[in-house]
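Chain residues, written in single-letter form:
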Amino acid sequence: MATPSRKTSTASPQASKRALPRDPSAEVPSKRKNSAPQLPLLQSSRPFVEGSIVRISMENFLTYDICEVSPGPHLNMIIGANGTGKSSIVCAICLGLAGKPAFMGRADKVGFFVKRGCSRGMVEIELFRASGNLVITREIDVAKNQSFWFINKKSTTQKVVEEQVAALNIQVGNLCQFLPQDKVGEFAKLSKIELLEATEKSIGPPEMHRYHCELKNFREKEKQLETSCKEKTEYLQKMVQRNERYKQDVERFYERKRHLDLIEMLEAKRPWVEYENVRQEYEEVKLVRDRVKEEVRKLKEGQIPMTRRIEEMERERHNLEARIKEKATDIKEASQKCKQKQDVIERKDKHIEELQQALTVKQNEEHDRQRRISNTRKMIEDLQNELKTTENCENLQPQIDAITNDLRRIQDEKALCEGEIIDKRRERETLEKEKKSVDDHIVRFDNLMNQKEDKLRQRFRDTYDAVLWLRNNRDKFKQRVCEPIMLTINMKDNKNAKYIENHIPSNDLRAFVFESQEDMEVFLKEVRDNKKLRVNAVIAPKSSYADRAPSRSLNELKQYGFFSYLRELFDAPDPVMSYLCCQYHIHEVPVGTERTRERIERVIQETRLKQIYTAEEKYVVKTSFYSNKVISSNTSLKVAQFLTVTVDLEQRRHLEEQLKEINRKLQAVESGLIALRETSKHLEHKDNELRQKKKELLERKTKKRQLEQKISSKLGSLKLMEQDTCNLEEEERKASTKIKEINVQKAKLVTELTNLIKICTSLHIQKVDLILQNTTVISEKNKLESDYMAASSQLRLTEQHFIELDENRQRLLQKCKELMKRARQVCNLGAEQTLPQEYQTQVPTIPNGHNSSLPMVFQDLPNTLDEIDALLIEERSRASCFTGLNPTIVQEYTKREEEIEQLTEELKGKKVELDQYRENISQVKERWLNPLKELVEKINEKFSNFFSSMQCAGEVDLHTENEVNLNLTDLEMPSMRIVNKP
């Protein structure tokens, strides 16, 4: 795009709302419409070129409310002081022509270009076009960070706008065509090649850059082909050399293979020889097995008579055992009857014993009754004597009444003491609740302070460690040392913390404040030098600034919306407050509201304050040294981070004093409780003594009545015992009669028992005779079984021998089959396939009745295993002499021979392709370089003319290192040589 000229529709010198006139009566720019910087116009009669900017219109864009600029057809210059909006016009051009915010290097979101406080902004650019001017409108929505596009007042998309702009050869992203202020450094860093390409895109015909890109692509492919041909040629030579080296190894490999083939033939014959040997062994084992089988048959026939005799003996034994069991049953029944008779006799004896025991019990009871009667009479006599000696108890009542009165008085005193104790306890509980409440309040204050310390520890660990060291070493300092300012400052309202944090740098917020230079040096030496902690320290002024009055009364400033100075927003120790007043003039900086921001221009003009805070902004006002104009700058306030925690130190001190008073009262209440407990204990002891005395008197008073009652009770018991009498002689006579009757019954039972015992003895004798007969039969049977077992043992051994022989036969048969199968596998013969005739010399018989051909092959080879094994060892030794040979060498040798032929053909094709690319490069180079030289000559002509007008000499040329081999790095954008005229 040709650089368009720029002309403003106004010529007012007020460049921005921040540039204020020195004269208070001068006109202040309107809030809704800002005047644009002055654009000196270079008049020319030549018309606009295609794509030139005719008009730029802005609304709520950066510093402008409403502004319209109308550039001229040639060079336009925008002149104005800093901050008057020159860069705003450049930003409007970039964004209005579908440029990205990143092209200007200022912000990454388009919403940041809308004026602060506005929700929408607009940029409109009118471009000259022969068929009719093109008007592009871009509306920006801050909330959604989106843009809405219009072409000639009709809604469209950004892609369509970019296509229309590109059709006019406008390249906002090309630094040779559009160079924002913040991209000058990036432009200076462009290499000469990049500068050349940017120039081609900017002012060259469209096909020039395309030819340049084709030339670079052709050259890159040419290099790739040259590299490929070179690599393939080298690789082909290496393969030919390698095959020459391996030729002898291949010949040795084939000689070794001949020995291995012979070994394979020997290994193929060996299974047939093994098979024949095993077959012969099988026939021998089969003959022996048949002989043993006949012997087993004869032994089994000899055992049949012996088995029959053993069975007869077994039947006789069963008969005898049955008879023995019958006799045992009879003996058991007789024994059971004997036992029953014995039990009856024992019951009779037990009955007699019970009668004797009952008589003895009655005798003992009578003796015991007589003894109790005697003891009761004696006890009655003793009680009557004691009753006679008991004194008269009527004179004890006055003593009992006096003790009762004393007890009542002591009870009243105890009740009064207990009431006082309860009151004291309630008072103590109330004080403890108050103490807990105060402790909780103090803990909450401490937690707030801990929050401030935690923020300090997380952000400035070294400063936090230094605070801990200071708290443990305050005795090393002579005067007062204040902890970091952010810990000592206490905001009255944490909403105002942002003003203090934006006014005082963070380095001073974490600084320690000293009153003495000597103390500060001691602190820094210990903390910085010894502990290697990065901390800050400051000294408070010797004369205090803390109470200095501001230069202007706050009442004068309230009309502008100010409500306080910074100093009144927080509390701090006197050294800290003095330092902040001296260093940052917090007693001179007022804080305003949104109302202040609304009339900020008037406030700056009338108050002449150097620093001002509104609700969300900080304003700094300076006077230009050159023009005496008042210039203001504003910044948004950052969110407070450290001072948002508020601690009321006065209230905390009041709570500590309240806690001390509560502790004093608790001690007094505790002392009173101890005294009351001692008094209560003394009254309790006295009450117990009086109760004991009263109890003793009452016992003495009631003793006579108790004695009379006891005598009456004992006389009644004596009368009952005398009435309960027993006749011992009659009881003895009755017991003797019953015992005689029982003895007669016993004699009859004993006679019956004797007869049963005789019957039982006869049955036992018969049973013993049967047992002796059974024993004789068992002995004969055992002898026959022993003989049978001996014969059976011989039979088992013979059968075991037969089984072993049969198993051996089966094993040999299975082995014959396996060897036959393996031999056929070695010769690659199927199960039903016959060995070829040329390898056979005889047709033997295969075990199990199957006929097959035993291959007597390989007539020239040995026919025994030993000879075959010896020849195998010899051939293997010869084959092992060919060491270092690898079958893959032969494969690789053959494969390389094929690859050599293939590579030779590929190399021819690559060379033909390379020649074609070189011819294409020559053609494209001619189409690109000639127009480029013409373009550079035109640039050089105009460049020289411009420098001549400045009394200088300048030249622009196209530098090529090698005209013949032009490649990607051969072309460079020429540097401008500027020389003064002589």
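Since the model is a prediction, treat every value here as computed from it, not as a measurement.

Undergrad: What exactly am I supposed to notice about the overall build of the protein here?
TA: When helices and strands are counted, the protein shows 20 helices and 21 strands. In the protein, buried positions account for 36% of the 982 residues. When contacts within the protein are restricted to residue pairs at least 6 apart in sequence, long-range pairs at least 24 apart make up 73% of them. Carbon together with sulfur atoms contributes 50% to the accessible area of the protein, which is approximately 60,700 Å² in total.

Undergrad: I tried to follow a nonpolar patch on the surface on my own but got confused; where do I start?
TA: Among the surface-exposed residues, L75, M77 and I79 lie close enough to one another that they form a single nonpolar patch of about 300 Å² accessible area. Mapped onto the secondary structure, M77 falls in the loop between β3 (64-69) and α1 (86-96). For M77, a relative accessible area of 48% gives the class partly exposed.

Undergrad: In this structure, what is going on with the packing of aromatic side chains? I would like to understand it.
TA: Geometry of an aromatic ring pair is reported as the spacing of the ring centres plus the angle between the planes. Per the counting criterion, the structure on display carries 9 aromatic pairs. With a centroid separation of 5.8 Å and an interplanar angle of 75°, the aromatic rings of Y499 and Y613 are classed as edge-to-face. Here Y613 lies in strand β15 (residues 611-613) and Y499 lies in helix α10 (residues 497-503), a separation of 114 residues in the sequence. Taking the relative accessible area as the measure of exposure, Y499 reaches 5% and is therefore buried. Between F512 and F523 the ring centres are 4.7 Å apart and the planes differ by 50°, which places this aromatic pair in the tilted class. Of this pair, F512 sits in strand β10 (residues 511-514) while F523 sits in helix α12 (residues 517-530); the two residues are 11 residues apart in sequence, bridging distant segments of the chain. A residue is classified by how much of its surface remains accessible, and F512, at 0% relative accessible area, is buried.

Undergrad: Would you mind showing me how to read the pattern of salt bridges here?
TA: Close approach of charged atoms lets side chains of opposite charge pair. Evaluation of the coordinates by the stated rule reveals 35 salt bridges. Among the salt bridges present, the one from D141 reaches R120, with a minimum N-O distance of 3.5 Å. You can see D141 sitting in strand β5 (residues 134-141) and its partner R120 sitting in strand β4 (residues 120-127), a full 21 residues away along the chain. Using a relative accessible area of 11% as the deciding quantity, one classes D141 as buried. Where K339 meets D343, a salt bridge forms, and the shortest distance between an N and an O atom there is 3.6 Å. With a gap of 4 residues between them, K339 and D343 both fall in helix α6 (residues 304-389), about one helical turn apart.

Undergrad: Looking at this structure, how should I read the environment of I125?
TA: Turning to its location among the elements, I125 is positioned in strand β4. With relative accessibility at 0%, the residue I125 sits in the buried group. Here the alpha-carbon distance between I125 and M58, two residues 67 residues apart in the chain, equals 8.9 Å. In this structure I125 touches I53, R55, A92, I93, G96, L97, L134, V135 and I136, once residues within four positions along its chain are discounted.

Undergrad: Please clarify how the sheet that holds strand β8 (residues 481-482) should be interpreted in this entry.
TA: The 3 strands lie next to each other as β8-β10-β11, forming an open sheet whose pairing is mixed. The outermost strands of the open sheet, each flanked by one partner alone, are β8 and β11 (536-539). Looking at chain direction, β8 and β10 are connected through 2 bridges and run antiparallel. From the neighbouring strand, C482 faces β10, where its bridge partner is V513. Along the sheet, α12 contacts β10 and β11; its crossing angle with β11, the most-contacted strand, is approximately 175°.

Undergrad: How do you make sense of the sheet that holds strand β7 (residues 154-156) when you look at a structure like this?
TA: Here we have 6 strands laid out as an open sheet, ordered β3-β2-β4-β5-β6-β7, and antiparallel in their pairing. Looking along the sheet, the strands with just one partner apiece sit at the ends: β3 and β7. Within this sheet the neighbouring strands show an average axis-to-axis angle of 20°, counted without direction. Bridging between β4 and β5 involves 8 bridges; their strand directions are antiparallel. If you follow M122 over to β5, its bridge partner there is E139. Taken strand by strand, α1 contacts β2 (53-61), β3, β4, β5 and β6 (146-151), and its axis lies near 105° from that of β2.

Undergrad: Hey, could you run me through the nonpolar core in this one?
TA: For soluble globular proteins, nonpolar side chains are generally found buried alongside one another. Membership of the largest hydrophobic core comes to 50 residues, with the highest contact counts inside it found for F523, L566, F570, L580 and L643. Within the residue set of this core, elements represented by two or more residues are α8 (461-472), β8, α9 (485-488), α10, β10, α12 and α14 (574-584). With 6 residues, α14 is the single largest residue contributor to this core. Membership of the second largest hydrophobic core comes to 34 residues, among which are I56, L127, V161 and I170.

Undergrad: Is there a simple way to think about unusual backbone geometry in this case?
TA: Most peptide bonds are trans, and most residues other than glycine sit at a negative phi. A positive phi angle, close to 55°, is found at N145, a residue other than glycine. Mapping N145 onto the fold places it in the loop between β5 and β6.

Undergrad: In this structure, what is going on with the environment of Y613? I would like to understand it.
TA: Residue Y613 is classed as buried on the basis of its relative accessible area of 0%. Polar side-chain contacts of Y613 include one of 3.0 Å to the side chain of H503.

Undergrad: I'm lost on a negative patch on the surface in this one. Help?
TA: Together, E244, E897, E898, E901 and E905 give the surface a local cluster of negative charge. In terms of residue count, helix α20 (residues 887-949) provides more of the negative patch than any other element does, 4 residues in total. Here E898 lies in helix α20.

Undergrad: Where do I start with helix α18 (residues 728-826) in this structure?
TA: Because each turn of an α-helix spans 3.6 residues, side chains separated by three or four positions end up pointing in the same direction. With 99 residues, α18 extends just 126 Å between its outermost C-alpha atoms, more than 12% less than the 147 Å of an ideal straight helix rising 1.5 Å per residue. Residue N828 follows α18 closely and has a positive phi angle near 60°.

Undergrad: I would appreciate a short explanation of the side chain of T137 in the present structure.
TA: Mapped onto the elements, T137 comes out in strand β5. When its relative accessible area of 5% is taken as the criterion, T137 is described as buried. Among the polar contacts made by the side chain of T137, one reaches the side chain of E124 at a distance of 2.8 Å. Residues contacting T137, with those up to four places away along its chain left out, are M122, V123, E124, F148, W149 and F150.

Undergrad: Please clarify how the pairing of β11 should be interpreted in this entry.
TA: For a regular strand, the rule is simple: side chains alternate between the two faces of the sheet. With 4 bridges connecting them, β10 and β11 associate as parallel partners. Note that in β11 the partner of V513 across the bridge is V538. As a crossover connection, the stretch from β10 through α12 into β11 is right-handed.

Undergrad: I'm lost on the environment of A130 in this one. Help?
TA: For A130, the location among the structural elements is in the loop between β4 and β5. Taking the relative accessible area as the measure of exposure, A130 reaches 67% and is therefore exposed.

Undergrad: What is the right way to read the pairing of β6 from this model?
TA: Looking at chain direction, β5 and β6 are connected through 6 bridges and run antiparallel. Pairing of T137 across the sheet is with F150, part of β6. Between β5 and β6, which pair antiparallel in sequence order, lie 4 residues; one of them, N145, sits at a positive phi of approximately 55°. Bridging between β6 and β7 involves 3 bridges; their strand directions are antiparallel.

Undergrad: Quick question: what am I supposed to make of the state of the cysteines here?
TA: In a disulfide, the sulfur atoms of two cysteines are held together by a covalent bond. In this structure the tally under the stated criterion is 0 disulfides. In this structure C94 is not part of a disulfide, and its nearest cysteine sulfur, from C91, lies 7.4 Å away.

Undergrad: What exactly am I supposed to notice about the confidence of the model for the protein here?
TA: Keep in mind that low pLDDT regions are not for reading the predicted coordinates in detail. For the protein, per-residue confidence averages 77 on the pLDDT scale, and residues scoring 70 or more make up 86% of the total. By mean pLDDT, strand β1 (residues 19-20) is the weakest element of the protein at 30, and β10 is the strongest at 94. Note that residues 1-45 has pLDDT below 50 and, in this model, 118 contacts with residues that lie over four places away or in other chains. Taken together, the stretch residues 962-982 has pLDDT below 50 and engages in 61 contacts with residues farther than four places along the chain or on a different chain.

Scoring rules and cut-offs
- Residues numbered from 1 in each chain as written.
- Predicted model: local features only at pLDDT ≥ 70, side-chain atom pairs only at ≥ 80, totals over all residues.
- Heavy atoms only, no water.
- Helix = DSSP H or I, 4+ residues; strand = E, 2+ residues; numbered from the N terminus.
- Buried < 20%, exposed > 50% of the residue type's maximum accessible area, 1.4 Å probe, protein only.
- Contact = heavy atoms within 4.5 Å.
- Areas by Shrake-Rupley, 256 points an atom, 1.4 Å probe, with all protein chains shown as cover.
- Patch = residues over 30% accessible without salt bridge, like charges linked within 9 Å, V, L, I, M, F, W, Y side chains within 5 Å.
- Salt bridge = Lys/Arg side-chain N within 4 Å of Asp/Glu carboxyl O.
- Phe/Tyr/Trp six-rings, centres within 6.5 Å; stacked < 30°, edge-to-face > 60°.
- Pairing = 2+ DSSP bridges.
- Axes fitted to C-alpha atoms, helices over the stretch in contact; angles between N-to-C directions.
- Core = buried A, V, L, I, M, F, W, Y, C linked by side-chain atoms within 4.5 Å.
- Polar contact = N/O pair within 3.5 Å; in protein donor to acceptor, adjacent residues only side chain to side chain.
- Lys, Arg positive; Asp, Glu negative; His and termini not counted.
- Charge placed at Lys NZ, Arg CZ, Asp CG, Glu CD.
- Expected span 1.5 Å × (residues − 1).
- Right-handed = clockwise from strand over helix to strand, strands pointing away.
- Disulfide = S-S within 2.5 Å.
- pLDDT = per-residue confidence, 0-100.

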